[in-house]
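# Structural characterization, general
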Amino acid sequence: MFSYQYITKDQLAGFDKYKYSAVDTNPLSVYVMQHVWNKVVQVVPLWIAPNVLTFSGFLMILVNYILFSYYDWDYSASGIGNQHIPNWLWILAAIGNFLAYALDSIDGKHARRTQSSSPLGELFDHGLDSWTASIFPLSLFSIFGCHSGESGLTPMKMYLVTSVVLFTFMLSHWEKYNTGVLFLPWAYDISQLSMTLVYILTAVVGIETFHNPLFLRVYMADFLITFLVGCSLLIALPQTLYNIVIGYRQKTLLKNSVYEGLLPLFSPSILFIFLTVWTIFSPCNILHRQPRLFLWMVGVLFSNVTCRVIICQMSNTRSEVFHWLLWPLALVVCLAVSGYLGTMEELTFFVVTAFASAAHIHYGICVGKQLSKHFHIYVFSLKKRYAD
């Protein structure tokens, strides 16, 4: 495969000086789950590399997504009178979701246990997390679907919920970009356990139960949206702003101006502006025609932008103002909403999605190889590699 050096010399030098710093104040994590994971990690053989655990968890979430895509490509299976998703898939989704949550929670502990912690491992973990952050809701949406009347979710609501989830993820790394400390979000443990329980509940009571209101005219889908938006706006955002204000008062912020501090938010904001314009003004109503694939593209583009922010954050280098992938996206959106693409809009969308996915995978492989060579380690092995 054609290899490209995505990480600059300044960033590599920054990685050499990097030290992991994180704070976890979530009561659920501190007093319950951490004790569970400390027991679970003892079962993992010492010869297994931590990145194997990380990647295995990602694959479980990806398998869930692929299975849901097969049985419910257009989010119609949950509709009244339609053939529903097999019950075994909800059980499998619950198991896969919880195992992925467990593996993501113990990979760092296993790295310290095997004395193999490295910036490569942290970037690999957080980079995959930035991708799974979008895949989680894409599978969960199949419970409600697009064709379930008041109890369902419209494609636009799905897009907005996904945007909120990704915004919440970005907040943690924007915060670390400014403070140098990763304040682990409270919403993570709560959301992972909640999703697992919702999958189990769906298998037990059946999809039809969610067609009925919980009380008055409030449905489970309404509760989900309120919960996600509430976690973001009432927990994640205030915590992030509070920690940055504290850093400013204590003069410990890494950036010396508001502009420099806000740089990581520029590309994600521009990305969502372009995507939102496309969803609203698309002549062929692309979001409604291809809801699953459009939301997949949203997640891929977001993950690529976020990975670059994480690299700048870890290497203490300046974040870029405008990510290069936004240029072709801007061109396509302008051509689409102006009507110049005509009947070619949907085909062009397929090409853009395929290109973005391939570019992101290429980026991940090349960055992994570059850091693996730089630190003289292997991505999926504990063996040391010799300097070239």
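Residues numbered from 1 in each chain as written. Predicted model: local features only at pLDDT ≥ 70, side-chain atom pairs only at ≥ 80, totals over all residues. Heavy atoms only, no water.

Once that is clear, we can look at the environment of Tyr259. With respect to the helices and strands, Tyr259 occurs in helix α9 (residues 258-281). The contact partners of Tyr259, leaving out residues within four places of it in the chain, are Phe266, Arg318 and Val321. (Helix = DSSP H or I, 4+ residues; strand = E, 2+ residues; numbered from the N terminus. Contact = heavy atoms within 4.5 Å.)

Here we come to the environment of Gly57. By the secondary structure assignment, Gly57 is in helix α3 (residues 50-71). We classify Gly57 as buried; its relative accessible area is 6%. Sequence separation between Gly57 and Val258 is 201 residues; the distance between their C-alpha atoms is 37 Å. The contact partners of Gly57, leaving out residues within four places of it in the chain, are Ala100 and Leu103. (Buried < 20%, exposed > 50% of the residue type's maximum accessible area, 1.4 Å probe, protein only.)

This part is about the pattern of salt bridges. What the rule picks out here adds up to 3 salt bridges. For Glu260, the salt bridge goes to Arg318, with nearest N and O atoms at 3.0 Å. Taken together, the residues span a long stretch of sequence, with Glu260 in helix α9 and Arg318 in the loop between α11 (291-315) and α12 (326-337) at a distance of 58 residues. A salt bridge links Glu346 to Arg289; the shortest N-O distance between them is 2.7 Å. Residue Glu346 is found in helix α13 (residues 345-375), and its partner Arg289 is found in helix α10 (residues 286-289); the two are separated by 57 residues along the sequence. (Salt bridge = Lys/Arg side-chain N within 4 Å of Asp/Glu carboxyl O.)

As a further point, take a nonpolar patch on the surface. Among the surface-exposed residues, Val30, Tyr31, Val32, Val36 and Val40 lie close enough to one another that they form a single nonpolar patch of about 410 Å² accessible area. Along the polypeptide, Val36 turns up in helix α2 (residues 27-40). Classification of Val36 by relative accessible area gives partly exposed; the value is 35%. (Patch = residues over 30% accessible without salt bridge, like charges linked within 9 Å, V, L, I, M, F, W, Y side chains within 5 Å. Areas by Shrake-Rupley, 256 points an atom, 1.4 Å probe, with all protein chains shown as cover.)

The volume enclosed by the second largest pocket comes to roughly 510 Å³. Secondary structure elements with two or more residues in the lining of the second largest pocket: α3, α5 (119-140), α11 and α13. Examining the composition of the lining of the second largest pocket, we find that 8 residues originate from one element, α13, more than from any other. (1 Å grid on protein atoms, 1.4 Å probe; cavity = no way out; pocket = protein on both sides within 12 Å on 5 of 7 lines; lining within 4 Å. Points joined across faces, edges and corners; volume = space filled by probe spheres on them.)

The UniProt record marks residues 43-68, 88-106, 186-207, 219-237, 258-281, 293-312, 324-341 and 347-366 with the feature "transmembrane region" (unreviewed entry), using the residue numbering of this structure. Taken end to end, residues 88-106 is 100% helix and 0% strand, and its first and last C-alpha atoms sit 27 Å apart. With 95% helix and 0% strand, residues 219-237 has end C-alpha atoms that lie 26 Å from one another. (UniProt positions renumbered as here; feature names shortened; annotations may be inferred.)

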